[in-house]
Amino acid sequence: MASNRDYDDIAFEGEKVDDQTLEASRFDNCSFKNCDFSHATFRNCRFTDCSFDNSNLSVTQFPCTLLQGVAFNLCKMMGIDWPRMRCPSIQIPGVLSFEECVLDDSSFFGLYLAETTMISCRIHRVDFSEANCEQIDFSGSDLEDTIFNRTRLRGANFIDATHYSINILENDIKNARFSLPEAVALLDGLDIELHH
């Protein structure tokens, strides 16, 4: 795997690119399995219709890189500053999906994440402030200490999600779905007393 290359329909397995920088490479319909990209930098790259499985992308950087139609499964992805990547100029829903991933200590500040899936993930101390998370799917995820501040959560799915804290006066949660008993946390910050 090198800079300034085009890769089409290639299955990468066990690739180790940690602490390295790749520039201006294009990956189309590629798969990455059991790879280590921790602390790597993908600058001015493009990933289209790719999948990452059981790989380590912790503290990976994606400056000016386009990710579209990319699925992450069973990946470790801690400490990523997602706003540094280049999003499509047209806001396309559902371009990213995460399943059973660890996304701790990351930021999605201000990003367009409509219809993104983050199913059964660990999402601790992650910042979704000012992001468009309309119809995002957080089902089964652990959202401990995650920040929602002026976040658009219309139609979001929080069923079986845990440890979330959402101020319903500062976030748009119209038509969002929640399940008990966790949904009781939505009453926090309303200055009310709950008795049973």
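Details of the structure are given in the entry above.
Just so it is clear, the model here is predicted, and its values are computed rather than measured.

Draft legend 1. A look at the environment of K33. Assignment of secondary structure puts K33 in strand β5 (residues 31-33). The sequence separation of K33 and D18 amounts to 15 residues, and the corresponding C-alpha distance is 15 Å. Not counting residues up to four positions away in its chain, the partners in contact with K33 are F12, E13, G14, D53 and S55.

Draft legend 2. A look at the sheet that holds strand β10 (residues 70-73). The sheet built from six strands is open, its strands ordered β2-β5-β8-β10-β11-β12 with parallel pairing. With one partner strand each, in any of the chains shown, β2 (11-13) and β12 (117-119) form the two edges of the open sheet. Strand-to-strand twist of the sheet, defined as the mean angle between neighbouring strand axes without regard to direction, takes the value 10 degrees. By the bridge criterion, three bridges tie strand β8 (residues 51-53) to β10 in an arrangement that is parallel. Counterpart to F52 in the pairing with β10 is F72.

Draft legend 3. Spatial organisation of the sheet that holds strand β9 (residues 66-68). Read from one edge of the open sheet, four strands run β1-β4-β7-β9, paired in parallel fashion. The open sheet has two free edges, formed respectively by β1 (6-8) and β9, since each of these has just one partner strand. The average undirected angle you get between the axes of adjacent strands in this sheet is 5 degrees. In the sheet, β1 pairs with strand β4 (residues 26-28) via three bridges, with the strands oriented parallel. When the sheet's bridge partners are listed, Y7 is paired in β4 with F27.

Draft legend 4. Here's a closer look at the pairing of strand β11 (residues 96-99). Alternating positions in β11 separate cleanly, L96 and F98 being buried on one face and S97 and E99 remaining unburied on the opposite face. In the sheet, β10 pairs with β11 via four bridges, with the strands oriented parallel. For F72, the partnering residue across the bridge sits in β11 and is F98. Pairing analysis gives three bridges linking β11 to β12, with the strands arranged parallel. Within the sheet, the bridge partner assigned to E99 lies in β12 and is I119.

Draft legend 5. Structural detail: unusual backbone geometry. In this model, C64 sits at a positive phi of 55 degrees, which is unusual for a non-glycine residue. Looking at where C64 falls in the secondary structure, it is placed in the loop between β8 and β9. Residue Q135 is not a glycine yet carries a positive backbone phi of 60 degrees. Residue Q135 is classed as partly exposed on the basis of its relative accessible area, which comes to 45%.

Thresholds applied
Residues numbered from 1 in each chain as written. Predicted model: local features only at pLDDT ≥ 70, side-chain atom pairs only at ≥ 80, totals over all residues. Heavy atoms only, no water. Helix = DSSP H or I, 4+ residues; strand = E, 2+ residues; numbered from the N terminus. Contact = heavy atoms within 4.5 Å. Pairing = 2+ DSSP bridges. Axes fitted to C-alpha atoms, helices over the stretch in contact; angles between N-to-C directions. Buried < 20%, exposed > 50% of the residue type's maximum accessible area, 1.4 Å probe, protein only.

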